[in-house]
Amino acid sequence: MLHPALRITPSALFWFDSVKQIIKHCENLKIISPKKYDFSSLRIIVPNTLHIQYFKKAFNKFFSFKNYISPFIGTFDNWLKLHISNFDIFFPIQNHEKLLYLYLKLQKNYLFKKNNMINKIDLLIFSKELIKLFHELNQMLLPSIYKLDKIKIRWKSALNFLSPFVYTILKDEIELIWSIWCYQIKNDESVWRFMNIKKLIVEVEMPLIWFTSIQPSPIEINFLNNYGKNCSVLPIIIDWSKIPYLYFKAWPEIQLSKTEFTITKKFISPLYINDKNIDVPSNLSICPCNNLEDIATQVSQNIINLLILGYKKIAIIELDSLVISRICSLLKRSKIFVFNTVGCKLSRTSAAAFLTNFFNVIDEPRKANKFLIFLKSPYILNDILDKNNYISIIESICRDTIIFNNLYFALKKLKNINLDLYKLIQKIVNKYKKLHIKSYSISKWNSIILKFFLELGINEALDTNESGKLVLKILSNIYKNTDLLFTFSEYRKFIELQMDMTKFISKSDDNRVTILSINDIYLLRFDAVFIVGIDIDNFPSLVKETLFFSNIFRKKLKLNTNYSLRQKQLRELTELLCCCKKVILFWQIYKNSELNFISPLIERLQLILNIYKKKLKKHRSKINLYDIKSIPILPPLPNCGELLPYKISITSYNNFIECPYKFFAQHMLNLNSINNFYNIPQKYHYGNWVHKILFLYHSHLNNVKKLISLDKRFELLNLISKKIFKEVLKICPVSLNYYISWKKSIPYYLKWSNSHEYSGWNFVSGEKKYKKTLFLFNNKKIVLYGRIDRIDKNIDDQYLILDYKTSDYNSLRKKIHNNKDYQLILYKFLLEKNIKISKYNAQYIVLNNKQIKIIDIPKNILNSVTTEKLISKIKKQIYSIATGASLPALGIESICRFCNMKGLCRKKEWLIN
């Protein structure tokens, strides 16, 4: 017999009150003999495994000084497993098989062929959404599974509520969903489970006490109604009529739906109808926070304070996952472990991240940075003792400025540096470099990946932790009768979706702080609960409408709607507020620089209190600040003559003029910033290529004694340019933009070059190093050196020093006229010893797309007096460094902005002091 539901008041004593009522009920129905307390014939079913402990504690507390025989206590799923049927007749398909089946079904469907849907990755994602949708349909429609005609009638009646226009447009989709659901339901796990439930009703005859979930599913209701025909069944529900009047006044929809377990089924009013009973909840407070960091800091500080006070069970309700991530990282710094039951997906583990990195390497085999991330994983090359040193060698090569994130070019350089390491890396690369262009079946892909892991010992490393074992299990799945070929992109997405659908909860002995969703908090007891992100966007959550499953359609099919979901979450929140000693609501006042309002349900609660001139308590924890005595940061004044380099380039001298400290750090300490991987080449790369092209061009003209026509010169320069950029484009295809830019400049350069030759200047040398001794120090020569781009000579034995520039014409011209450019003057100084002629001119050739501009160095700057003064100044400066002069940070803002050493000199800090 199905008895009227036993109503228990929601409170901290819910479980103890339940035990008292159950014993009284059992005695009245003579299920147990009075004062004998033998419950061995009684079965008690609770919604969750965690509830078993709560019930047992309450039961033991009630019979603390009495002898009793305990009833069977468990969950419905555990009970079902004890009476499970064999798989000989029915073979339910698993989630990964279901995903593959739906994908294949959709791919073959005429609807997608008709619409030319060729993006198969979208089909995989859509298949995952269908699994969720079908799960909902199964829960609601399974009680009528043996009466498919009734299900079809309900389906068609629900379709009548769609507008004719919508139905006409979505007719094909509606038929597709119905046909797929009808076909897949035959082998679905939920059907197998339902068949066992039906068998359980017939086989087992035992008095049953059933603690209902917050919203009983049709399967549960069907089971209790049928089980009650053969045996005594007592449902236990929360008595929503006995909640505080404040909550009923603010949220009347809590009680609007009739419960299925009452005989009368009439609406029950709250006990309190006097407005004087409206009081501010003593256990509830709110904490508005300014931003994400503020909310994370407040929650973390509150948790620390409560743990210090001795609280042993604290729950965080996750409504905003981004804030939760920050809270976890802050608590980790305080060495507080957070047991997260919400973000428990295999896709968030280190093993899944490793597999994703490996997929990245296969997907883009040329990318050096992705290969480096793969190598740095703890799951590969563990048998090599000097792994870190090997990785640093590869990284230093890959970060070469000419490589542009190209792995194959890096391997060529690695071959000349470390042959053994090259062979090892090349062996790994050879195994996967062509996989991204091939297609195999799912089983074949799995075997290829597992074989690769086995050869490199990766599977042994993955097998050392639980998440790694799950990843290997996913890769070991066998797919029979599936010969359809998958590209690597499809296979990758298929595996990633499986990892996202697989739950993984890391084990820990520290369960003081637990993260739960609002759905999991029902009937659980905590010392304190923090609800994080209870704003207008997160609470109550809304049903995600898929395809034609609008709220009206869902209501007619008896699926979850926005209204039913809101009622469920309100009940969960109300039960929590009635039972927990301390509840704090957190939300951000501002989100993305805009006002972010608290949940309208909480606003309704505040509004009721405001009517009676009352307010919810506000709570903010004081953040414990510690005053640390700071040591004032003084400007750095390093001096170390022993570190003075004996060879000083003109570029390094320019650095000294810009900032002495920069010269000290970069050229005396040899500190250089690590260049990033360049997906797009920088402007100085373009300058290097142009220098090389023009040197080869003029060297060729100089070696050929006969005259070459203008057309042939154009062909020659184009040919050399094509050859240089062909090599560059192999390494970095995005350099094409620079190649096009240079091709536009070629006619203008040739026009200037030819007129330059007609005026009497001939090419002498290019890209040649020159050096000259400045002075002796400690019996060693201090040498100044530089590489000159080009030297020309005319009939009068005059020499012209030329330097190619791709920088801005106006800024360079301004720098020369302000006497802040020393490059060509120092080139002249270097040439005076090597070429003993005093007649020199100097020019900058500024290369632009549409014109070639020349900047002449004035005679008054290039004369011997100016040169001697400059060299005398350089000698004094270098000598003072050698003898211990300090090198302060004197760079101006325009230089400091792009300086790689500003983190060392810390100019901002000592300027503030």
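How each quantity is defined
- Position labels on residues start from 1 in each chain and follow its written sequence.
- Whole-chain, interface and lining totals are the exception, using all residues; otherwise, since this is a predicted model, local features are given only for residues with pLDDT of at least 70 and side-chain atom pairs are given and counted only at 80 or more.
- Side-chain measures were taken over the full set of non-hydrogen atoms in the model, leaving aside hydrogen atoms and water.
- The helix and strand labels rest on DSSP assignments: H or I over at least four residues marks a helix, E over at least two residues marks a strand, and numbering proceeds from the N terminus.
- Taken over C-alpha atoms, the radius of gyration is set against a globule rule of 2.2 Å times the number of residues to the power 0.38.
- Exposure categories follow from relative accessible area, calculated using a 1.4 Å probe and restricted to protein chains: below 20% of the type maximum is buried, above 50% is exposed, and the middle band is partly exposed.
- Any two residues whose heavy atoms approach within 4.5 Å are treated as being in contact.
- Areas reported as accessible are Shrake-Rupley estimates using a 1.4 Å probe. Residue values count occlusion only from the protein chains shown.
- Only four residue types enter the tally: Lys and Arg on the positive side, Asp and Glu on the negative side, with His and both chain ends excluded.
- In plain terms, the charge of a residue is placed at NZ if it is Lys, CZ if Arg, CG if Asp and CD if Glu.
- Being paired, for any two strands, means DSSP has found at least two bridges between them.
- Comment: axis = line fitted to C-alpha atoms, over the contacting stretch for helices; angle = value between 0 and 180 degrees taken between N-to-C directions.
- For every residue, the predictor reports its confidence as pLDDT, a number between 0 and 100.
- Multiplying one less than the number of residues by 1.5 Å gives the expected span of a helix.
- Patch construction takes residues with relative accessible area above 30% that form no salt bridge. Like charges are linked within 9 Å, and nonpolar side chains (Val, Leu, Ile, Met, Phe, Trp, Tyr) are linked within 5 Å.
- A carboxyl oxygen of Asp or Glu within 4 Å of a side-chain nitrogen of Lys or Arg is what we treat as a salt bridge.
- Any two rings among Phe, Tyr and Trp, with Trp reduced to its six-membered ring, count as a pair given centres within 6.5 Å; such a pair is stacked if its planes are under 30 degrees apart, edge-to-face if over 60, and tilted if neither.
- Only when the NZ of Lys or the CZ of Arg is both within 6 Å of the ring centre and within 35 degrees of the ring normal is a charge said to sit over the ring.

## Some thoughts on the overall build of the protein chain
If you tally the helices and strands in the protein chain, you get 38 helices and 22 strands. Against the globule reference of 29 Å for 913 residues, the protein chain gives a C-alpha radius of gyration of 39 Å, more extended than a compact globule. For the protein chain, buried positions account for 49% of its 913 residues. Summarising the internal contacts of the protein chain: among those between residues at least 6 apart in sequence, 78% fall at separations of at least 24. About 48100 Å² of surface is accessible on the protein chain, with carbon and sulfur atoms providing 54% of the total. One way to put it: in the protein chain the 136 positive side-chain charges average out to a point 2 Å from where the 73 negative ones average out.

## Comments concerning the sheet that holds strand S12 (residues 528–532)
Each strand in a sheet pairs with another by means of backbone hydrogen bonds, the pair being arranged parallel or else antiparallel. Pairing in this open sheet of seven strands is parallel, and the strands run S8-S11-S7-S12-S13-S6-S16 from one edge to the other. For this open sheet the edge positions go to strand S8 (338–340) and strand S16 (617–618), each flanked by a neighbour on one side alone. Bridge analysis of strand S6 (residues 284–289) against S16 gives two bridges, and the strand direction is parallel. Counted as the bridge partner of Ile 286 is Lys 618 from S16. Most of the contacts of helix H14 (residues 321–333) go to strand S7 (residues 314–318), to which it runs at about 150°, and overall it touches S7, S8, strand S11 (513–516), S12 and strand S13 (583–588).

## Observations concerning the confidence of the model for the protein chain
For the protein chain, per-residue confidence averages 84 on the pLDDT scale, and 92% of positions sit at 70 or higher. Across the protein chain, element-level confidence peaks in S12 with a mean pLDDT of 95 and bottoms out in helix H5 (residues 110–114) with 54. Low pLDDT (under 50) marks residues 259–268, which in the prediction has 22 contacts with non-local residues, meaning those over four places away or in another chain.

## As for helix H17 (residues 387–398)
The end-to-end C-alpha distance of H17 is 16 Å, a good match for the 16 Å that 12 residues give at a rise of 1.5 Å each. Residues Lys 387, Ile 391, Ile 393, Ile 394, Glu 395, Ile 397 and Cys 398 constitute the buried set of H17.

## Regarding the sheet that holds strand S5 (residues 233–238)
Here five strands make up an open sheet; going across it, the order is S1-S5-S4-S2-S3 and the pairing parallel. Among the strands making up the open sheet, the edge pair consists of strand S1 (6–8) and strand S3 (72–75). Pairs of neighbouring strands in the sheet enclose a mean axial angle of 20°, with direction left out of account.

## Quick notes on a positive patch on the surface
Residues Lys 412, Lys 722, Lys 726, Lys 730 and Lys 743 make up a contiguous surface patch of positive charge. When residues in the positive patch are grouped by element, the largest group, three residues, is from helix H30 (residues 710–731). Looking at the element boundaries, Lys 743 is found in helix H31 (residues 736–758).

## What about the packing of aromatic side chains?
By the definition in use, this model includes 59 aromatic pairs. Taking the centre distance of 5.6 Å and the plane angle of 20° together, the rings of Phe 354 and Phe 374 count as stacked. Note that Phe 354 is positioned in helix H15 (residues 350–363) and Phe 374 in helix H16 (residues 368–375), a separation of 20 residues in sequence. Just above the ring of Phe 16 sits the side chain of Lys 61; from NZ or CZ to the centre is 5.3 Å.

## Focus on the pairing of S6
Counting buried residues along S6, six of its six residues qualify, which places the element largely inside the surrounding structure. Alternating positions in S6 separate into two faces, Leu 284, Ile 286 and Pro 288 on one and Ser 285, Cys 287 and Cys 289 on the other, with burial throughout. Pairing of S6 with S13, which is carried by six bridges, proceeds in the parallel orientation. By the bridge assignment for S13, Cys 287 is matched with Phe 586.

## Quick word on the pattern of salt bridges
Tallied over the entire structure, the rule returns 26 salt bridges. The partner of Asp 77 in a salt bridge is Arg 193, with the nearest N and O atoms 2.7 Å apart. Here Asp 77, found in helix H3 (residues 76–82), pairs with Arg 193, found in helix H10 (residues 189–203); they are 116 residues apart in sequence, far enough to count as distant. By relative accessible area, Arg 193 is classed as partly exposed at 26%. Across the salt bridge formed by Lys 591 and Asp 535, the nearest N and O atoms sit 3.3 Å from each other. In this pair, Lys 591 sits in strand S14 (residues 590–591) while Asp 535 sits in the loop between S12 and helix H24 (551–557), placing the two residues 56 residues apart along the sequence. Taking the relative accessible area as the measure of exposure, Lys 591 reaches 24% and is therefore partly exposed. A relative accessible area of 1% means that Asp 535 is categorised as buried. The structure contains a network of salt bridges with shared partners spanning Lys 128, Lys 345 and Asp 500.

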